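The chain contents come next:
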Amino acid sequence: KSHKELLIPSTPCHAKTNVMFLKTHKTGSSTILNIMFRFAERYNLTVALPAGQLFHLGYPKTFLAQFVEDFEAIGQNYNIMCNHLRFNPSEVQKVMASNTFYFSILRNPIFQLESSYVYYKDTVPAFRTSKDVNEYLASPMKYYHPADYKENIYARNIMWFDFGYNNNAENNKKYIHRVLKDIEQNFHLILIADYFDESMILLKHTLCWDLDDVIYFKLNSRSQDTVQTLTPESKEQIKVWCSLDWQLYLHFNQSFWRRIEETIGLEELEKEVNHLRTRQKELMETCVLDQKAVGKEHIKNKALLPFQSGATNILGYNLKEGLDSRTLETCQKMVVPELQYMSYLYAVQHPHKKRKQLDLPLLQTSFQEK
């Protein structure tokens, strides 16, 4: 060892177990939800799950503590909160301990809006009435009617909305500055979906987790043939039409890279990202038939079929046959779509409550009743 190394005391850190993840839309957040759920199970943590038959924590309503199952009884003793909600710090603080770590994820609005368009094509009036994403962006006000703003939240500045702000606000420098400051005060870390693996390494370091805690298989992604190609004009238009999200993204993309340089360094980052990808590949080879995600019509076990939406084909996985029970369980948990996983955790955490009504077969009992 060089002298220099000896001077640095190695301080072993403890994994943070009180964590709030603000799940944003079309940003790779379903994959992070799976990471959070697996972590919760590994450490036997309590998750703030949607009450009753809700599938989200009240979304798109602004979050209230009462949207969490058993909040009256459990109070501020939840460790993990990660289901969709519209951020409302004072109410979230009623549920989460004061030492909770808050993080979220953003995505380049250019890719994010195209993804929203295809996913919410049937439900959002502004999307439904336009032919394709380029036609919509050529003149959004033709399709986006302020009267439908509640139905149209996915059609403009959706990330701004998820963070609890008005997604139709004027693009005003002072206002934007105030909101960015606000978010910086409420969140310890903002990840960037466009650099997902780098984000996972930064998350691992910041929360003092293990590599296996942030290993993932990409969930809720769609088949390539449902991706619409944006024209250069459309890409420019998104920066204007979703200018609040664009500013949000630019700001936190900068702080993301700054944070990496200050804490990990680019060289170490590259090493760890490669390590993550190698480990991921090993797990893929262990778990997944043909080592790839498949379209909805090819998923054999319907319990592993992800929720389908809009004009998308949401991909899922087939597990290999003949895995031993421990491997099977590990593999299963990596590929369970979010609604099934949430319902399963709900049944485990709240055994006396009526189960969530999923129109999907549930996983085999061993996984169910652990």
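Criteria and thresholds
Position numbers for residues start from 1 in each chain and track the written sequence from start to end. With the structure being a predicted model, the display of local features is reserved for residues of pLDDT at least 70 and the display and counting of side-chain atom pairs for 80 or more, all residues being used for whole-chain, interface and lining totals. Side-chain metrics rest on all non-hydrogen atoms present in the structure, leaving aside hydrogens and water. UniProt positions are given in the numbering used here, feature names are shortened, and annotations may be inferred rather than shown by experiment. Here, nonpolar core refers to any group of buried Ala, Val, Leu, Ile, Met, Phe, Trp, Tyr and Cys residues whose side-chain atoms link them within 4.5 Å. We call a residue buried when its accessible area falls under 20% of the maximum for its residue type, exposed when it is over 50%, and partly exposed in between, using a 1.4 Å probe and counting protein chains only. The contact rule is simple, with two residues in contact once any of their heavy atoms fall within 4.5 Å. Here a strand is any run of E in DSSP of at least two residues, a helix any run of H or I of at least four, and the numbering for each starts at the N terminus. A pair of strands is labelled paired if DSSP reports no fewer than 2 bridges between them. Here a polar contact means two N or O atoms within 3.5 Å. Within protein one must be a hydrogen donor candidate and the other an acceptor candidate, and residues neighboring in sequence count only if both atoms are side-chain atoms. Definition used for salt bridges: Asp or Glu carboxyl oxygen within 4 Å of a side-chain nitrogen of Lys or Arg.

Per an unreviewed UniProt entry, the protein carries the name G3ST2 sulfotransferase and comes from Pelecanoides urinatrix. As stated in UniProt under Sequence similarities (unreviewed entry), the record for the protein gives "Belongs to the galactose-3-O-sulfotransferase family." The record held by UniProt for the protein lists under Subcellular location (unreviewed entry) the comment "Golgi apparatus membrane".

*Asks:* In this structure, what is going on with the nonpolar core? I would like to understand it.
*Replies:* Burial of nonpolar side chains together is a common tendency in soluble globular proteins. Ranked by size, the top nonpolar core spans 120 residues in total, and within it Met 81, Val 95, Phe 103, Tyr 136, Leu 191 and Met 200 carry the most contacts. Once residues lying within four places of it in the same chain are set aside, the contact partners of Phe 103 are Val 19, Met 20, Phe 21, Leu 22, Ile 32, Met 36, Phe 187, Leu 189, Leu 191 and Leu 203.

*Asks:* Please clarify how the pairing of strand E3 (residues 101–106) should be interpreted in this entry.
*Replies:* Within a regular beta strand, the side chains point alternately toward one face of the sheet and then the other, so they alternate between its two faces. Burial analysis of E3 places 6 of its 6 residues in the buried class, which makes it a mostly covered element. Across 4 bridges, strand E1 (residues 19–22) lies against E3 in parallel orientation. Across the sheet, residue Val 19 finds its bridge partner in E3, namely Phe 101. Alignment of E3 against strand E4 (residues 189–192), held across 4 bridges, turns out to be parallel. Looking across to E4, one finds that Leu 106 is bridged to Ile 192.

*Asks:* Sorry if this is basic, but what is going on with the side chain of Gln 340 here?
*Replies:* Structurally, Gln 340 can be placed in helix H16 (residues 338–349). For Gln 340, the side chain forms a polar contact with the main-chain oxygen of Ala 303, separated by 3.0 Å.

*Asks:* Hey, could you run me through the pairing of E1 in this one?
*Replies:* The alternating pattern of E1 places Val 19 and Phe 21 on one face and Met 20 and Leu 22 on the opposite face, and all of these are buried. Direction of pairing for E1 relative to strand E2 (residues 80–81): parallel, over a ladder of 2 bridges. Residue pairing in the sheet places Val 19 in a bridge with Ile 80 of E2.

*Asks:* For this particular structure, what's the right way to read the pattern of salt bridges?
*Replies:* Side-chain pairing between opposite charges can occur once the charged atoms of the two side chains come close. In the structure shown here, the tally under the stated rule is 19 salt bridges. Glu 338 serves as the salt-bridge partner of Lys 23, at 3.4 Å between the closest nitrogen and oxygen. Of this pair, Lys 23 sits in the loop between E1 and helix H2 (29–42) while Glu 338 is found in helix H16, placing the two residues 315 residues apart along the sequence. With a closest N to O distance of 3.5 Å, Lys 181 and Glu 184 form a salt bridge. Placement of the pair is Lys 181 and Glu 184 together in helix H9 (residues 173–186), with a separation of 3 residues, close to one helical turn. Each of Glu 41, Glu 329 and Lys 333 takes part in one network of salt bridges that share partners.

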